[in-house]
Amino acid sequence: MTTVAAYAAPAAKAPLERTTIERRAVGEYDVLIDIKFAGVCHSDIHQAREGWGEAIFPMVPGHEIAGVVAEVGPGVTRFQVGDRVGVGCMVDSCRECENCLRGEEQYCLNGMVGTYNAVGKDGEPTYGGYSEKIVVDENYVIRIPDGLSLDIAAPLLCAGITTYSPLSHWNAGPGKKVAIVGLGGLGHMAVKIAHAMGAEVTVLSQSLRKKDDGLKLGADHYYATSDPKTFEELAGTFDLIVSTVSAPMDFGALLSLLKVDGALVNVGAPEEPVALNLFSVIGGRKSLAGSMIGGIRETQEMLDFCAEHGIGAEIELISAAEVNEAYERVLASDVRYRFVIDTATI
Ligand SMILES: [Zn+2]
Ligand SMILES: [Zn+2]
């Protein structure tokens, strides 16, 4: 066991504070990672404040982890000391069910093990990236290509894969009209990735406040959802809409913007259920779908794609002591576009 410094929420809704946690000894197939940067994801706040239900405390959030391998177990074959690596939203899964076997560990039928707020196979709670070091089985560690700086790569481990996976699955590319709902941490990654895939990209945001940013990030068009004319003008336009908003949305209105056979994919996770009139999918043979992060193999594919296209997150680097203030700013949509903790400050 190794004692490491971390930032933790001692109880639900309590501010995060500096503490220490124990990391397990490096096992045969484990990698010890010196964490350099950890992104602040909206879901960290949902969980630290029990917005998604009962959680495990103390909680060390953080599932956008970038760092450097410091030690490897004797059975490790894929990594060496000094390698640049990342860890995303999961650190284990059953490895035997049909979803694990086809590389979609995020949908493990026996439940994937979350990077934090979960219980590992050893029966101990998992602690996330707001810490100095983490020990992870090599099968759940991803290589960060040399072309990507670790600070702007960290948010790709959740925000990047969460948007890459549905864009790839629903074939965003040349000739496709893709709308991204919301230009926050997830949305700004979705715009960059969809643009790099060759799609014609439209941002649907509450207001036109971030329009200049959106166009710079790669959007071709930008509309305000607060303006009813947007829905008249864009009716029946899109092949694919990816909604990244984690507040309840008017999904019926968004579905009206799809072409026949179009798909609206939700990747946000509102705390409350939403009501939907199902006539909005019947007319036009439309799909309303969801998508959650991506498998380990696909996460590697996403990082390689981002390195090839020079894509990183737009970040505001903060010290660990600023994390509580950062949470308030995320809730107020006052971040362009991801806070990343410099873990050297823990
Ligand atoms: Zn996340
Ligand atoms: Zn499984």
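Just so we're clear, the structure is a prediction, and the values are computed from it rather than from any experiment.

What counts, and where the lines are drawn
- Chains are numbered independently. Their residues run from 1 in the order of the written sequence.
- Chains and ligands are labelled by the order in which they are written, letters from A for the one and numbers from 1 for the other.
- The model is predicted, so local features are restricted to residues of pLDDT at least 70 and side-chain atom pairs to those at 80 or more, both for listing and for counting; the totals for chains, interfaces and linings are taken over all residues.
- Side-chain numbers here rest on the full set of heavy atoms in the structure, without hydrogens or water.
- For helices, the axis comes from a line fit to the C-alpha atoms of the stretch in contact; other axes are also lines fit to C-alpha atoms, and the angle between any two N-to-C directions lies between 0 and 180 degrees.
- Strands are runs of DSSP state E lasting at least two residues, helices are runs of H or I lasting at least four, and both sets are numbered from the N terminus onward.
- Orientation categories follow fixed angle ranges, with anything under 35 degrees roughly parallel, anything over 145 roughly antiparallel, 65 to 115 roughly perpendicular, and all other angles oblique.
- With the far helix as reference, a near helix turned anticlockwise by less than a right angle produces a left-handed crossing, and one turned clockwise produces a right-handed crossing.
- Contacts: residue pairs with any heavy atoms within 4.5 Å of one another.
- For this classification, the nonpolar set comprises Ala, Val, Leu, Ile, Met, Phe, Trp, Tyr, Cys and Pro, the charged set comprises Asp, Glu, Lys and Arg, and every other residue, Gly included, is treated as polar.
- Note: metal donors comprise N, O and S atoms at 2.8 Å or less from the metal (3.2 Å for Na, K and Ca); water molecules are not included, so apparent gaps in a site are possible.
- Donor angles set the geometry label: tetrahedral for four donors if every angle is between 85 and 135 degrees, square planar for four and octahedral for six if opposite donors exceed 155 degrees and the others are between 65 and 115, irregular for anything else.
- Residue burial is assigned from relative accessible area. The probe radius is 1.4 Å, only protein chains are included, and a residue is buried under 20% of its type maximum, exposed over 50%, and partly exposed in between.
- Segmentation of the chain into domains, including their bounds, is taken from an automatic or database domain assignment.
- A side-chain nitrogen of Lys or Arg and a carboxyl oxygen of Asp or Glu constitute a salt bridge if their distance falls within 4 Å.
- Nitrogen and oxygen atoms within 3.5 Å of one another constitute a polar contact, given that in protein one can donate a hydrogen and the other can accept it, and given that sequence-neighbouring residues count only through two side-chain atoms.
- At least two bridges found by DSSP between two strands is the condition for calling them paired.

Considering the packing of helix 4 (residues 159-169) against helix 5 (residues 185-196)
At step 1: Between helix 4 and helix 5, the least distance of the axes is 8 Å, while the angle of their chain directions is 50°. Overall, the two elements helix 4 and helix 5 adopt an arrangement that is oblique. When you trace helix 4 past helix 5, the crossing you get is right-handed. From helix 4, Ala 159, Gly 160, Thr 162, Thr 163, Tyr 164 and Leu 167 reach across to helix 5, where they touch Gly 185, Leu 186, Met 189, Ala 190, Ile 193 and Ala 194.
At step 2: Looking at the contact of helix 4 with helix 5, its residues break down into eight nonpolar, four polar and no charged.

Structural notes on the coordination of the zinc ion (ligand 2)
At step 1: Surrounding the zinc ion (ligand 2) are the protein donor atoms Cys 94 (SG), Cys 97 (SG), Cys 100 (SG) and Cys 108 (SG), at 2.3 to 2.4 Å.
At step 2: Geometry at the zinc ion (ligand 2) is tetrahedral, judged from the four donor atoms that bind it and their angles of 102 to 119° at the metal.
At step 3: Along the chain, the residues donating to the zinc ion (ligand 2) fall in the pattern C-x2-C-x2-C-x7-C. Taken as a pair, Cys 94 in the loop between strand 6 (90-92) and helix 2 (98-101) and Cys 108 in the loop between helix 2 and strand 7 (113-114) lie far apart in primary sequence, 14 residues in all.
At step 4: A relative accessible area of 17% places Cys 94 in the buried class.
At step 5: Residue classification places Cys 108 among the buried positions, given a relative accessible area of 9%.

Concerning the domain arrangement of the chain
How big an interface is tends to be stated in terms of the accessible area lost upon association of its parts.
At step 1: Its domain assignment divides the chain into domain 1 (2-158 + 294-345) and domain 2 (160-290).
At step 2: Between the C-alpha centres of domain 1 and domain 2 there is a distance of 27 Å.
At step 3: Taken residue by residue, the interface counts 24 residues in domain 1 and 22 residues in domain 2.
At step 4: On inspection of domain 1 and its partner domain 2, the count reaches two salt bridges.
At step 5: Where domain 1 meets domain 2, there are 14 residue pairs in polar contact (both at pLDDT 80 or more).
At step 6: At the level of secondary structure, the elements contributing two or more residues to the side of domain 1 that touches domain 2 comprise helix 1 (42-48) and helix 10 (296-308).
At step 7: Looking at the side of domain 1 that touches domain 2, its residues break down into eleven nonpolar, eight polar and five charged.

Overview of the pairing of strand 4 (residues 65-72)
On a regular strand, each side chain points to the face opposite its neighbour's, so the side chains alternate between the two faces of the sheet.
At step 1: Of the pairings in the sheet, the one linking strand 3 (residues 30-39) to strand 4 comprises seven bridges and is antiparallel in character. In the strand pairing of strand 4, Ile 35 is matched with Gly 67.
At step 2: Pairing analysis gives four bridges linking strand 4 to strand 5 (residues 84-87), with the strands arranged antiparallel. Bridging across to strand 5, Ala 66 finds its partner in Gly 86.

Points about the sheet that holds strand 14 (residues 258-266)
At step 1: Taking strand neighbours across the sheet as the criterion, the six strands line up as 12-11-10-13-14-15 in an open arrangement whose pairing is parallel. Single-partner strands in this sheet number two, and they are strand 12 (221-224) and strand 15 (287-290). If you compare each strand with its neighbour and ignore which way they point, the axes differ by 20° on average.
At step 2: Relative to strand 15, strand 14 is paired through four bridges, and the arrangement is parallel. Looking at the pairing, Leu 264 lines up with Leu 288 of strand 15.
At step 3: Against the sheet, helix 4 touches strand 10 (177-181), strand 13 (238-243) and strand 14, its axis set at about 160° to strand 13.

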